[in-house]
Amino acid sequence: MSDFTGKVAFITGAARGQGRACALALAKEGADIAALDLGVKIEYPAYAHEAGGDLLSLRAEIEKLGRRCLLCLGDVRDDAAITAAVAQTIAAFGKIDILFNNAGICAYAEIDVMTDTEWDARIDINLKGPMIVARRVVPHMKAQKSGVIINNSSVMGLRGGNRLSHYVASKWGLTGLTKAWAIELVPYNIRVVSIHPTGVNTPMNDGLAAMEGLTTIEIAERSAGNLQPVPWVEPEDVAEMVLYLASDKARYITGSQFLLDAGLLSV
Ligand SMILES: NC(=O)c1ccc[n+]([C@@H]2O[C@H](COP(=O)([O-])OP(=O)(O)OC[C@H]3O[C@@H](n4cnc5c(N)ncnc54)[C@H](O)[C@@H]3O)[C@@H](O)[C@H]2O)c1
């Protein structure tokens, strides 16, 4: 395992699911964590809720590991909130070594009934959000001439998905941002990669199930189609991949797409 002692990670969508698992895994290996998530319940999608309690319990878990955790409340669409969160992180920890652009939402909609609200939320949170966060973090990485940005796309950032055109568009967009930023930031020794999980066992699936009137396992099985006989992978599997990509072991990896798909894209 890599040693992240002295490293600082800024993680969006850190309260639950994959963001939380990655925050805990990085802290376990020695990193200090700036954990950003929603400060208020957002209007859409219905399952997204204010993250205060979850963030407090995350901080307690990280402090139990002997690491520091700065809690930041904000929406990745809100440039002022992100600017403030990045400034607070720099004030508290002095730098940001790792950005995990992870916050995202998902919900189904057919194209002929899709509303502007549904389209805009997907594009603004899943695609514009990572851009807003990166543009506030990158100046600090440029100044220190080092950094790693990991964008959480999806298998849907490399394939299509039924009734998910807005989600698919946002995630392919994030794949494109990864490649473009890798080129732009290589002179500053900043690596940029994207990860592409198949279904992951997180609260997002509970939210989708509630919206679709199904059980969570039915949602996972319907959307899976994995080659390996599992409906989903666990957030801790994602964390293993993130630990590797964030570490110096991955020093010659930039602009690349990393699948954690249980064989899905081989089918
Ligand atoms: N769960 C899956 O099956 C799956 C599969 C592949 C990729 N992904 C992607 O992984 C990422 C993490 O998803 P997850 O499965 O952990 O979901 P999750 O819903 O369990 O967690 C997402 C977190 O992001 C936060 N968030 C949502 N909108 C936000 C906003 N506007 N600003 C700040 N924070 C916000 C939520 O409050 C939540 O804590 C997402 O980008 C998602 O699209 C998920």
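Here, the structure is the one placed above.
Summary of the structure given here.

Scoring rules and cut-offs
Think of each chain on its own: its residues are numbered from 1, step by step along the sequence as written. The predicted nature of this model means local features are confined to residues of pLDDT at least 70 and side-chain atom pairs, given and counted, to a pLDDT of 80 or more, with totals for whole chains, interfaces and linings taken over all residues. Secondary structure elements follow DSSP: runs of H or I of four or more residues count as helices, runs of E of two or more count as strands, with numbering from the N terminus. This entry defines residue contacts through backbone-placed C-beta atoms, with two residues in contact when those atoms are within 7 Å. Strands pair, by our definition, only if DSSP identifies at least two bridges between them. Axis definition: a line fitted to C-alpha atoms, limited for helices to the stretch in contact. Angles are taken between N-to-C directions and run from 0 to 180 degrees. For each residue, a C-beta position is placed from the backbone atoms; the residue is near a molecule or strand when that point lies within 6 Å of it. Gly is put with the polar residues, along with every residue not named as nonpolar or charged; the nonpolar set is Ala, Val, Leu, Ile, Met, Phe, Trp, Tyr, Cys and Pro, and the charged set is Asp, Glu, Lys and Arg. We call a set of buried Ala, Val, Leu, Ile, Met, Phe, Trp, Tyr and Cys residues a nonpolar core when their C-beta atoms link them within 7 Å. With C-beta atoms placed from the backbone, a residue is buried if 20 or more other C-beta atoms are within 10 Å of its own, exposed if 12 or fewer are, and partly exposed between those counts. Orienting the strands away from the viewer, one traces the path from the first strand over the helix to the second; a clockwise path indicates a right-handed crossover. If an angle is under 35 degrees, it is roughly parallel; if it is over 145, roughly antiparallel; if it lies from 65 to 115, roughly perpendicular; otherwise it is oblique. Each helix crossing is assigned a hand: it is left-handed if the near helix lies turned anticlockwise from the far helix by less than a right angle, otherwise right-handed if that turn is clockwise.

Section: the environment of Ile150
With respect to the helices, strands and loops of the structure, Ile150 is situated in strand 5 (residues 147-152). As a C-alpha pair, Ile150 and Ile11 span 139 residues in sequence and 9.7 Å in three-dimensional space. Apart from the residues lying within four places of it in its own chain, the contact partners of Ile150 are Phe100, Asn101, Val193, Ile195, Val242, Leu245 and Ala246.

As for the sheet that holds strand 1 (residues 8-12)
Pairing in this open sheet of 7 strands is parallel, and the strands run 3-2-1-4-5-6-7 from one edge to the other. The open sheet has two edge strands, strand 3 (69-73) and strand 7 (257-260), and neither has a second partner. This sheet shows a mean twist of 15° between the axes of neighbouring strands, independent of strand direction. Running at roughly 170° to strand 1, helix 1 (residues 17-28) makes contact with strand 1, strand 2 (32-37), strand 4 (98-101) and strand 5 of the sheet.

Things to note about the site of the ligand
Lining the immediate surroundings of the ligand are 30 residues, of which Gly13, Gly17, Gly104, Thr202 and Met204 lie closest. Sorting the residues of the shell around the ligand by element identifies helix 1, helix 4 (116-144) and helix 6 (203-212) as the ones contributing at least two each. Considering only residue class, the shell around the ligand consists of 13 nonpolar, 13 polar and 4 charged.

Focus: the nonpolar core
Across soluble globular proteins, nonpolar side chains show a tendency to be buried alongside one another. Formed by 82 residues in total, the largest nonpolar core has its most connected members in Ile11, Cys22, Ala23, Leu26, Ile33, Ala35 and Val242. Among the elements that make up this core, the one with the highest residue count is helix 4 (9 residues).

Focus: the pairing of strand 5
The element strand 5 is largely enclosed, with a buried count of 6 among its 6 residues. Because side chains alternate across strand 5, one face comprises the buried residues Gly147, Ile149 and Asn151, and the other comprises Val148, Ile150 and Asn152, equally buried. In this fold, strand 4 hands off to helix 4, which returns the chain to strand 5; that crossover is right-handed. Note: strand 5 against strand 6 (residues 190-197), 6 bridges, orientation parallel. Paired with Gly147 across the bridge in strand 6 is Ile190. In terms of handedness, the path from strand 5 via helix 5 (residues 165-185) over to strand 6 forms a crossover that is right-handed.

Focus on the packing of helix 3 (residues 79-93) against helix 4
With their axes 9 Å apart at the nearest point, helix 3 and helix 4 run at an angle of 30° to one another. Viewed along their axes, helix 3 and helix 4 adopt a mutual orientation that is roughly parallel. Judged by the sense of rotation from one axis to the other, the crossing of helix 3 with helix 4 is right-handed. Within the contact between the two elements, helix 3 uses Asp79, Ile82, Thr83, Val86 and Ile90 and helix 4 uses Ile132, Val133, Arg136, Val137 and His140. By residue class, the composition of the contact of helix 3 with helix 4 is 6 nonpolar, 2 polar and 2 charged.

Focus: unusual backbone geometry
Here the residue pair Tyr44 and Pro45 is connected by a cis peptide bond, since its omega of 0° sits within 30 degrees of zero. Within the secondary structure layout, Pro45 lies in the loop between strand 2 and helix 2 (52-64). Although it is not a glycine, Asn189 adopts a positive phi angle of roughly 60°. Note on placement: Asn189 falls in the loop between helix 5 and strand 6. With a phi angle near 50°, Ala262 is a residue other than glycine that sits in the positive phi range. In this fold, Ala262 is placed in the segment after strand 7.

Some remarks on the packing of helix 1 against helix 2
Look at helix 1 against helix 2: their axes get within 9 Å of each other, and the N-to-C directions meet at 20°. It follows that helix 1 is roughly parallel to helix 2 by the angle criterion. Handedness of the helix 1/helix 2 crossing: right-handed. Contacts between helix 1 and helix 2 pair Arg20, Ala23, Leu24 and Ala27 from the former with Leu58, Glu61 and Ile62 from the latter. Residue composition of the contact of helix 1 with helix 2, by class: 5 nonpolar, no polar and 2 charged.

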